[in-house]
Amino acid sequence: MTSRNPLRPLRIAAILALATLAIGAAAKFGGNAEAAPPGGSTTLAREFRATGSGPVRFSGALEGTAVLPGRDRDVRMELVIGADAARGIAPRVPTDLVVVLDHSGSMSGDKIEHARAAVRTLIAGLGDGDRFALVTYADQAHARIPLGTVQQRPSWYETVDSIRPEGGTNMSSGLDVALAMIDATRASGRAPRLVLISDGLANQGDASREGLVGRASRAARGEYALSTVGVGADFDEGLMAALADAGTGNFHFLASANGLDRILSAEFATARENVASGLRVAIEPASGIGVVDAAGYPLTRDGNSVRFQPGDLFAGQERRIWVTLRVPVGASGDVPLGRFALEYGAGGERHRLAFTETPRVAAVADENAYFAGLDTPSWERSVVVDQYNALRRSVAEAVKDGRERDAVAEIQKYRTEVASKNDKVQSQEV
């Protein structure tokens, strides 16, 4: 069992606060020109849509239609994936819920109490057609409850209550057993769902982030979701979030038993009102264009195509995902970014939606032209949602590894770049 500092989240907060105080005034973006109106460029399109029949919609909007290749080469586009609201009562899809529960020594005290309560609440929410299984792990993993129907619910509660913390944390073995169970019991017309409950402090078996995230991605390839629930003040937020991203599921923080109803609702809503499964965004970047990030989702590169999998889509849901592209240093004139498409499963078939136009940006040397192409509301959302979340992930990872100077440097860089642009945009929200 690895000893971890229970004040790690407070350390991260302290670094964020101290760095903000230490940075002082940010450097200007350059020049003395007044900020241009935020209406955007009139020569290049900013919004793009895919046409097609069916319940799924796919569109995108650029943060701005210009880029400064010599100083700021990143282009951000907000992709929107939506599904029509259910008409009447959505058909109920039976769920096969497999819970993977960490009962290692690091889960002692309130952690195991909250974790057991979470499992009991998930069991209580099962419907008549649902099935449940429980895999536990410490030094090794065990299929504590094989996949069965809700008629066995009373005995499930007894098993959950008997679980005690002990030993090391072999998370990889727990995931291996659970994934193999789903593969072996997969049935048509049923929606598998995997929920990992842990503090994320893996230290036995394959404890590497790459290995664990690779296992989580098996869920995405199988077109079902793996969600994670982090428990305790010292849980590894970076790892648990990465596993949920790779497994195209949800990431929750369980501070106490009070949040269980919210977790239950989120985990079953997607399975029971599923409109599209196995969402896959495919980007074919134009020559010289790099795909840098997609809101933290793992990127798969195959030849000239870059793909990521944001999970399933349920009735009435809208997913907003920021994608960051990078133009080459010597770019000039109008620069094509590439082709964007969405693939998904529905009605037993695969469907594909693609933008009817190729998004382009103007590579400019004059910052007036750059700011004229910037859409203020989109830039605000990019800064306060996508870029800030990326900063949090980076800072949390640096602090976990003991690289606190690197964490401060990341914050300094972020604040300097954002503040310099905001000298022109004058966004109160930013």
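For the structure itself, consult the block above.
The present account deals with the structure reproduced in this document. Remember, it's a predicted structure, so these values are computed and weren't measured experimentally.

1. Digging into the layout of surface pockets
Right, on to step 1. If you add up the space inside the second largest pocket, you get close to 880 Å³.
Right, on to step 2. Lining the second largest pocket are 28 residues, with Asp74, Arg76, Gln387, Lys413 and Glu417 positioned closest to its centre.
Right, on to step 3. Of all the elements in the fold, those that place two or more residues in the lining of the second largest pocket are β4 (74–83), β12 (290–294), β15 (318–326), α9 (376–400) and α10 (404–425).
Right, on to step 4. Counting residues per element, the lining of the second largest pocket draws most heavily on α9, which supplies eight residues.
Right, on to step 5. When its residues are assigned to classes, the lining of the second largest pocket shows nine nonpolar, five polar and 14 charged.

2. Some details on the packing of aromatic side chains
Right, on to step 1. Evaluation of the coordinates by the stated rule reveals seven aromatic pairs.
Right, on to step 2. Ring plane angle 15 degrees and centroid distance 5.8 Å describe the contact between Tyr297 and Phe308, whose orientation is recorded as stacked. Remark: Phe308 occurs in strand β14 (residues 305–314) and Tyr297 occurs in the loop between β12 and β13 (300–302); sequence separation between them is 11 residues. With respect to class, Tyr297 is no different from Phe308; both count as buried.
Right, on to step 3. Judged by centre distance (6.2 Å) and plane angle (50 degrees), the ring pair of Tyr388 and Tyr414 falls under tilted. With Tyr388 in helix α9 and Tyr414 in helix α10, this residue pair connects regions lying 26 residues apart in the sequence.
Right, on to step 4. Members of the aromatic cluster, joined through ring pairs, are Phe48, Phe58, Phe340 and Phe355.

3. Digging into the pairing of strand β11 (residues 274–285)
Right, on to step 1. For β11, a buried count of nine out of 12 residues is recorded, marking the element as mostly surrounded by other parts of the structure.
Right, on to step 2. Direction of pairing for β11 relative to β14: antiparallel, over a ladder of six bridges. Considered in β14, the bridge of Ile283 is made with Val306.
Right, on to step 3. As paired strands, β11 and strand β17 (residues 338–346) are joined by seven bridges and run antiparallel to one another. Counterpart to Val281 in the pairing with β17 is Leu342.

4. Quick notes on the sheet that holds β14
Right, on to step 1. Ordered in space as β13-β14-β11-β17-β18, the five strands form an open sheet in which the pairing is antiparallel. A single partner strand is all that each edge strand has here, and the edge strands are β13 and β18 (349–354). Across the sheet, the mean angle from the axis of one strand to that of its neighbour is 30 degrees, orientation sign disregarded.

5. Some thoughts on the nonpolar core
Right, on to step 1. Core analysis: the largest hydrophobic core is formed by 40 residues, its most contacted members being Val56, Phe58, Leu79, Ile81, Phe308 and Val327.
Right, on to step 2. Elements with a contribution of two residues or more to this core: β2 (56–62), β4, β11, β12, β14, β15, β17 and β19 (360–363).
Right, on to step 3. Apart from the residues lying within four places of it in its own chain, the contact partners of Phe58 are Arg49, Ala50, Leu79, Val80, Ile81, Phe340, Ala341, Leu342, Leu353 and Phe355.
Right, on to step 4. With 27 residues, the next largest nonpolar core counts Val98, Val100, Ala219 and Phe235 among its residues.

6. A word on the side chain of Arg46
Right, on to step 1. The residue Arg46 is located in the loop between α1 (8–23) and β1 (47–49) in this model.
Right, on to step 2. Looking at Arg46, the relative accessible area reads 18%, which means it is buried.
Right, on to step 3. Within the structure, Arg46 has its side chain in polar contact with the backbone oxygen of Leu62 (distance 2.6 Å).
Right, on to step 4. Among the polar contacts listed, one links the side chain of Arg46 to the side chain of Ser378, at a separation of 2.9 Å.

Thresholds, definitions, all that
- Residues numbered from 1 in each chain as written.
- Predicted model: local features only at pLDDT ≥ 70, side-chain atom pairs only at ≥ 80, totals over all residues.
- Heavy atoms only, no water.
- 1 Å grid on protein atoms, 1.4 Å probe; cavity = no way out; pocket = protein on both sides within 12 Å on 5 of 7 lines; lining within 4 Å.
- Points joined across faces, edges and corners; volume = space filled by probe spheres on them.
- Helix = DSSP H or I, 4+ residues; strand = E, 2+ residues; numbered from the N terminus.
- Nonpolar A, V, L, I, M, F, W, Y, C, P; charged D, E, K, R; others polar.
- Phe/Tyr/Trp six-rings, centres within 6.5 Å; stacked < 30°, edge-to-face > 60°.
- Buried < 20%, exposed > 50% of the residue type's maximum accessible area, 1.4 Å probe, protein only.
- Pairing = 2+ DSSP bridges.
- Axes fitted to C-alpha atoms, helices over the stretch in contact; angles between N-to-C directions.
- Core = buried A, V, L, I, M, F, W, Y, C linked by side-chain atoms within 4.5 Å.
- Contact = heavy atoms within 4.5 Å.
- Polar contact = N/O pair within 3.5 Å; in protein donor to acceptor, adjacent residues only side chain to side chain.

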